[in-house]
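Structural overview for review
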Amino acid sequence: MSLISWFRWNEAPSRLSSRSPAEMVLETLMMELTGQMREAEKQQRERSTAVRKVCTGVDYSWLASTPRPTYDLSPSERLQLEDVCVKIHPSYCGPAILRFRQLLAEQEPEVQEVSQIFRSVLQEVLERMKQEEEAHKLTRQWSLRPRGSLATFKTRARISPFASDIRTISEDVERDVPPPLRSWSMPEFRAPKAN
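Attention here is on the structure that accompanies the text. (Residues numbered from 1 in each chain as written. Predicted model: local features only at pLDDT ≥ 70, side-chain atom pairs only at ≥ 80, totals over all residues. Heavy atoms only, no water.)

**Considerations on helix H3 (residues 93–107)**
Since the α-helix turns once every 3.6 residues, residues separated by three or four places project in the same direction. The cut-off we apply is this: Secondary structure is summarised from DSSP: a helix means a run of H or I of at least four residues, a strand means a run of E of at least two, and numbering begins at the N terminus for each. To estimate how far a helix should extend, the number of its residues minus one is multiplied by 1.5 Å. The buried label applies to any residue whose accessible area, calculated with a 1.4 Å probe on protein chains only, is under 20% of its type's maximum; exposed applies above 50%, and partly exposed to all values in between. Within this analysis, the arc is defined by the directions that extend from the helix axis to the C-beta atoms. Note on definitions: a residue-residue contact is assigned when non-hydrogen atoms from the two residues lie within 4.5 Å.
With 15 residues, H3 extends 21 Å from end C-alpha to end C-alpha; this agrees with the ideal 21 Å at 1.5 Å per step. All buried positions along H3 are accounted for by Cys93, Ala96, Ile97, Phe100, Leu103 and Leu104. For H3, the arc enclosing every buried residue in end-on projection is 130 degrees, short of the 170-degree limit, so these residues lie on one face. Exposed residues lying more than 90 degrees from the buried face of H3 are Leu98, Ala105 and Glu106. Elements in contact with the buried residues of H3: helix H1 (21–56) and helix H4 (111–144). Note on H3: the residue one or two positions beyond its end, Glu108, has a positive phi of about 45 degrees.

Next up, the structure:
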């Protein structure tokens, strides 16, 4: 027995897949659509069996074999969905699947409606990607925008604390001026002079 096989732990791990992220997103999303369509068809079949059982009063489900899936996407619709799936960034794949499952759980659609719901979810995700890209672009523009230095601010606005029409208490103390009879926060009331 060779000891070389024991020392393979320090080798770099081989890449699991040579596919691009876009291909992986496409495959994942299309597998999710296919699985959800099968599940919707199964639920539709169960509903129709339950209705038939209530109407006839007899249960022949033990006798019937599971039928093959009857609904499939048309080739043009599949290509359109694949085209949209390729545009989705890998980081949005998981949230898209979660949103798709959430809508299916809320609506319990027929098999024919599943692809339409899937398309609407993909459009939502593309819109969200576009909005976040625009927000990122604006953030980048603001961060790269040249900022004015403090020197340019000084030339535009001169602040002179002692050249003001507003009298302050410190001015009165510095100039040895007796303070007024009133408090600065109180309005001045003058008593009428007696003649």
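Still more ground to cover, so stick around.
**Quick notes on the pattern of salt bridges**
Note the cut-off: We define a salt bridge as a side-chain nitrogen of Lys or Arg found within 4 Å of a carboxyl oxygen belonging to Asp or Glu.
In the structure shown here, the tally under the stated rule is six salt bridges. For the salt bridge of Glu27 with Arg19, the shortest nitrogen-to-oxygen distance reads 2.1 Å. Residue class for Glu27 comes out partly exposed when judged on its relative accessible area of 37%. Here Glu82 makes a salt bridge to Arg78, at a shortest N to O gap of 3.9 Å. Taken as a pair, Glu82 and Arg78 lie in helix H2 (residues 75–86) at a separation of four residues, close to a single helical turn. Glu82 sits in the partly exposed class, given a relative accessible area of 23%.

**Observations regarding H1**
Compared with an ideal rise of 1.5 Å per residue, which puts 36 residues at 52 Å, H1 spans 52 Å between its outermost C-alpha atoms and is within 8% of the ideal. For H1, the complete set of buried residues consists of Val25, Leu26, Leu29, Met30, Glu32, Leu33, Gln36, Met37, Ala40 and Glu41. At its buried positions, H1 is contacted by H2, H3 and H4.

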